[in-house]
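Coordinate analysis (summary)
Here's the letter readout for the chains.
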Amino acid sequence: MTRSELVQRLASLHPHLMQRDAEAIVSTLFETIGDALAEGNRVELRGFGMFSAKQRSARIGRNPRTGESVPVDEKAVPFFKTGKQLRERLNGSEAGS
Amino acid sequence: MNLAASTLTRADLSEAVYRQVGLSRNESALLVDAVLEEISIALDNGEEVKISSFGTFSLRQKAERTGRNPKTKVEVPIKPRRVLTFRPSHLLRERINR
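Residues numbered from 1 in each chain as written. Chains lettered and ligands numbered in written order. Predicted model: local features only at pLDDT ≥ 70, side-chain atom pairs only at ≥ 80, totals over all residues. Heavy atoms only, no water.

By the burial criterion, the buried members of helix H3 (residues 90-97) of chain B are B:Leu92, B:Arg95 and B:Ile96. Mapping the buried residues of H3(B) onto a view down its axis gives an arc of 95 degrees, with all of them on the same face. The elements touched by buried residues of H3(B) are helix H2 (19-38), strand S2 (49-56) and strand S5 (75-82) of chain A together with strand S6 (81-88) of chain B. (Buried < 20%, exposed > 50% of the residue type's maximum accessible area, 1.4 Å probe, protein only. Helix = DSSP H or I, 4+ residues; strand = E, 2+ residues; numbered from the N terminus. Arc of directions from axis to C-beta. Contact = heavy atoms within 4.5 Å.)

Okay, the domain arrangement of chain A next. Interface size is commonly expressed as the accessible area that is lost once the parts come together. Under the domain assignment used here, chain A contains domain 1 (1-41) and domain 2 (44-90). Averaged C-alpha coordinates put domain 1 of chain A and domain 2 of chain A at centres separated by 24 Å. (Domains from an automatic or database assignment.)

In the contact formed by helix H1 (residues 3-13) of chain A and helix H2 (residues 25-44) of chain B, the axes pass within 10 Å of each other and the chain directions differ by 120 degrees. Looking at the two axes, H1(A) sits oblique to H2(B). The chirality of how H1(A) crosses H2(B) is right-handed. Where H1(A) abuts H2(B), its residues A:Leu6, A:Arg9, A:Leu10 and A:Leu13 lie against B:Leu31, B:Ala34, B:Val35, B:Glu38, B:Ile39 and B:Ala42. For the contact of H1(A) with H2(B), the per-class residue count stands at eight nonpolar, no polar and two charged. (Axes fitted to C-alpha atoms, helices over the stretch in contact; angles between N-to-C directions. Parallel < 35°, antiparallel > 145°, perpendicular 65-115°, else oblique. Left-handed = near helix turned anticlockwise from the far one by under 90°. Nonpolar A, V, L, I, M, F, W, Y, C, P; charged D, E, K, R; others polar.)

Looking now at the environment of A:Glu74. All names here are of chain A. Here Glu74 is to be found in the loop between strand S4 (69-72) and S5. What makes Glu74 exposed here is its relative accessible area of 55%. Taking C-alpha positions, Glu74 is 32 Å from Leu86, a pair spaced 12 residues apart along the chain. In contact with Glu74, other than residues within four places in its own chain, are Gln55, Arg56, Ser57 and Ala58.

This paragraph deals with the interface of chain B and chain A. Taken together, the contact between chain B and chain A spans 50 residues of the former and 48 residues of the latter. Interface area, chain B with chain A, both sides summed: about 4,500 Å², of which 65% is carbon and sulfur. The tally of links between chain B and chain A comes to four salt bridges. With a shortest N-O distance of 3.7 Å, B:Arg95 and A:Glu31 are connected by a salt bridge. Along the contact surface separating chain B from chain A lie 20 residue pairs in polar contact (both at pLDDT 80 or more). If you list the elements that add at least two residues to the side of chain B that touches chain A, you get strand S1 (7-8), helix H1 (10-21), H2, strand S2 (49-51), strand S3 (55-62), S6 and H3 of chain B. Residues of the side of chain B that touches chain A, tallied by class, amount to 28 nonpolar, nine polar and 13 charged. (Buried area = accessible area lost by both parts, 1.4 Å probe. Salt bridge = Lys/Arg side-chain N within 4 Å of Asp/Glu carboxyl O. Polar contact = N/O pair within 3.5 Å; in protein donor to acceptor, adjacent residues only side chain to side chain.)

Moving on, we come to the pattern of salt bridges. Within the structure shown, the criterion is met by 12 salt bridges over all chains. A salt bridge links A:Asp35 to B:Arg95; the nearest nitrogen and oxygen atoms lie 2.2 Å apart. In this pair, A:Asp35 is assigned in helix H2 and B:Arg95 in helix H3, connecting two distinct chains. With a relative accessible area of 34%, A:Asp35 lands in the partly exposed category.

A:Ile33 and A:Phe51 are the most contacted members of the largest nonpolar core, which has 43 residues in total. Structurally, this core is a two-domain feature, drawing no fewer than three residues from each of domain 1 (1-41) and domain 2 (44-90) of chain A. Residue contacts for A:Phe51: discarding those within four places in its chain leaves A:Ile33, A:Leu37, A:Arg42, A:Val43, A:Leu45, A:Phe79, A:Phe80, B:Phe54, B:Phe57 and B:Phe86. (Core = buried A, V, L, I, M, F, W, Y, C linked by side-chain atoms within 4.5 Å.)

Looking now at the environment of B:Asn69. Residue and element names in this part refer to chain B. As for its position among the elements, Asn69 is in the loop between strand S4 (65-68) and strand S5 (75-78). Once residues within four sequence positions are removed from consideration, Asn69 is found in contact with Val74 and Val76. One polar contact links the side chain of Asn69 to the main-chain amide nitrogen of Lys71, over a distance of 2.8 Å.

Below, the discussion takes up a positive patch on the surface. On the surface, a cluster of positive charge is made up of A:Lys54, A:Arg56, A:Arg59, A:Lys75, B:Arg87 and B:Arg93. Structurally, the position occupied by A:Lys54 is in strand S2. In this structure A:Lys54 comes out as partly exposed when scored by relative accessible area, which is 35%. (Patch = residues over 30% accessible without salt bridge, like charges linked within 9 Å, V, L, I, M, F, W, Y side chains within 5 Å. Areas by Shrake-Rupley, 256 points an atom, 1.4 Å probe, with all protein chains shown as cover. Lys, Arg positive; Asp, Glu negative; His and termini not counted. Charge placed at Lys NZ, Arg CZ, Asp CG, Glu CD.)

Right, here's the structure in full:
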């Protein structure tokens, strides 16, 4: 499912919503999560999962083709941890027991 | 790094939708849930969910293996399962490091 398919599904499930509004909802949701991560905040969606940014320290990397050493700067990497409810749902009812 | 890091919840996302889209607060909250539910349904059906300029949620099949309780050392079988992975888009990665 792509972003636009998600918008379509949302619009068809809520017929009173204008296509434009369905688009705005999906965009706002992911924009807001992205903004939060960019500001160093976390987003916790109970039952679905949690988005956060993990800090990676600077390291010496290597060009795998030439074997040359390259310095890699410190950086933050987006991270998602699946929520308990979703994890169990993806594995049927007997999961987690 | 932000020292005063805070945690956003569904309520903050609904508030953002309420302000941006101009639906009622109540409806905004319902629609935020609806989006997350549609993503969950697609994943449960084995679909990959690709959100352009944000990232991709995909499932990986894990084979059965024998685990061990690290404290008691008792062996326990770990059933085959599906795990969800999120691959952030380049845009999202860049945004976080700007």
